[in-house]
Amino acid sequence: MNKQLLETYFIMGSQDVVGDPLFVLEAALQNGITLFQWREKGEQCLTGDAYVQFTKDCQTLCKRYDIPFIVNDDVELAIRLNADGIHVGQDDVDAKKVREQLPHKILGVSVHTQDELQRAIQDGADYVGIGPIFSTQSKKDAKKPAGTTFLTEAAQSIPTLPIVAIGGIQPEHVYDLRQAGADGVSIISAISKAENPGEVTQAFRKENERFLQQL
Ligand code: 3NM
């Protein structure tokens, strides 16, 4: 996959937003996100028809702005909607099976250890998510904040592997995380809970540009 897609990778479900999630997604799309993951998860999340309709609405918006649409976990729905990709964690579905079911789509896997990293590569992951770098309120069962040690180790051991950092990330962290080996950052709350989601998205984009300019 093109590593640049990971630069400003926005993740969102309706549970992550106080107002209208489609308004937030459109603001993010208009201001420079490079990839979107639909992640409807947790106590407050939608179910049934509303769950499916909301996914479709998010996908339609992403198509309008030509940004790839990734589904979190729900393989059946990813197939049904012909999503551009799927992201799975360690406790969710088996990445190898997902790769078999979706041979030509983007496959992302969350990893926290060298073993998980090696397995994800064997299973056919296109990119890995590494986190939580900082503490996060957006994932109830998130592990303890890990900093950048494993991120750097992973980037050095497999330089060609696209890596995205996740967990508590704000625009001011982008430069150092990219310096540490990340090809980009995944963000939920910094954008989804922002007073002005478009402005914050632009700040993420600018920090990525600042990093690229000094290379
Ligand atoms: N996965 P925020 S942390 C979805 O560590 C997710 O694998 C994580 O949200 C992991 O940007 C996380 O609001 C939540 O901290 C990220």
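As the structure is a computational prediction, the values presented were derived from the model and not from experiment. The residue count restarts for each chain, going from 1 along the sequence in the order it is written. Totals for whole chains, interfaces and linings use all residues, but because this is a predicted model, local features are given only for residues with pLDDT of at least 70 and pairs of side-chain atoms are given and counted only at 80 or more. Side-chain descriptors were evaluated using all non-hydrogen atoms of the structure, hydrogens and water having been removed beforehand.

A short note on the UniProt feature "binding site: Mg(2+)" (unreviewed entry) in the protein
As recorded in UniProt, the feature "binding site: Mg(2+)" (unreviewed entry) lies at Asp73 and Asp92. The greatest C-alpha distance among the residues just named is 6.6 Å, despite their covering 20 residues of sequence, which places them together in space. Note on exposure labels: buried denotes an accessible area under 20% of the residue type's maximum, exposed denotes more than 50%, and partly exposed covers the range between, all computed with a 1.4 Å probe on protein chains only. Note on aspartate 73: relative accessible area 18%, which makes it buried. Residue contacts follow a heavy-atom distance rule, with two residues in contact if any of their heavy atoms lie within 4.5 Å. In this structure aspartate 73 touches Lys41, Ile86, His87, Val88, Gly89, Asp92 and Val93, once residues within four positions along its chain are discounted. Pairing of N or O atoms within 3.5 Å defines a polar contact, subject to two protein rules: one partner must be a possible hydrogen donor and the other a possible acceptor, and residues neighboring in sequence count only if both atoms are side-chain atoms. Within the structure, the side chain of aspartate 73 is placed 2.9 Å from the side chain of lysine 41, a separation counted as a polar contact. Position of aspartate 92 among the secondary structure elements: in the loop between strand S4 (85-88) and helix H4 (95-101). Dropping the residues within four chain positions of it, aspartate 92 is found in contact with Lys41 and Asp73. UniProt positions are given in the numbering used here, feature names are shortened, and annotations may be inferred rather than shown by experiment. For helices the rule is a DSSP run of H or I covering at least 4 residues; for strands it is a run of E covering at least 2, with both sets numbered from the N terminus onward.

A few points about the nonpolar core
The term nonpolar core refers to a set of buried residues drawn from Ala, Val, Leu, Ile, Met, Phe, Trp, Tyr and Cys, joined through side-chain atoms within 4.5 Å. One finds Phe10, Met12, Leu25, Phe36, Trp38, Leu151 and Phe204 to be the most contacted residues of the largest nonpolar core, which totals 58 residues. For this core, the element with the highest residue contribution is helix H2 (residues 48-64), accounting for six residues. Grouped together as the second largest cluster of nonpolar side chains are ten residues, Tyr9, Ile11, Ile70 and Ile188 included.

Thoughts on the pattern of salt bridges
Salt-bridge detection follows one rule: a side-chain nitrogen of Lys or Arg within 4 Å of a carboxyl oxygen of Asp or Glu. A full pass over the atoms with the stated rule returns eight salt bridges. One salt bridge in this structure joins lysine 3 and aspartate 183, with 3.7 Å as the shortest N-O distance. Of the two residues, lysine 3 sits in the segment before strand S1 (8-12) while aspartate 183 sits in the loop between helix H7 (174-179) and strand S8 (184-187), which places them 180 residues apart along the sequence. In this structure aspartate 183 comes out as buried when scored by relative accessible area, which is 12%. Where glutamate 7 meets arginine 178, a salt bridge forms, and the shortest distance between an N and an O atom there is 3.5 Å. Of this pair, glutamate 7 sits in the segment before S1 while arginine 178 sits in helix H7, placing them 171 residues apart in sequence. Its relative accessible area of 15% is what places glutamate 7 among the buried residues. We classify arginine 178 as buried; its relative accessible area is 8%.

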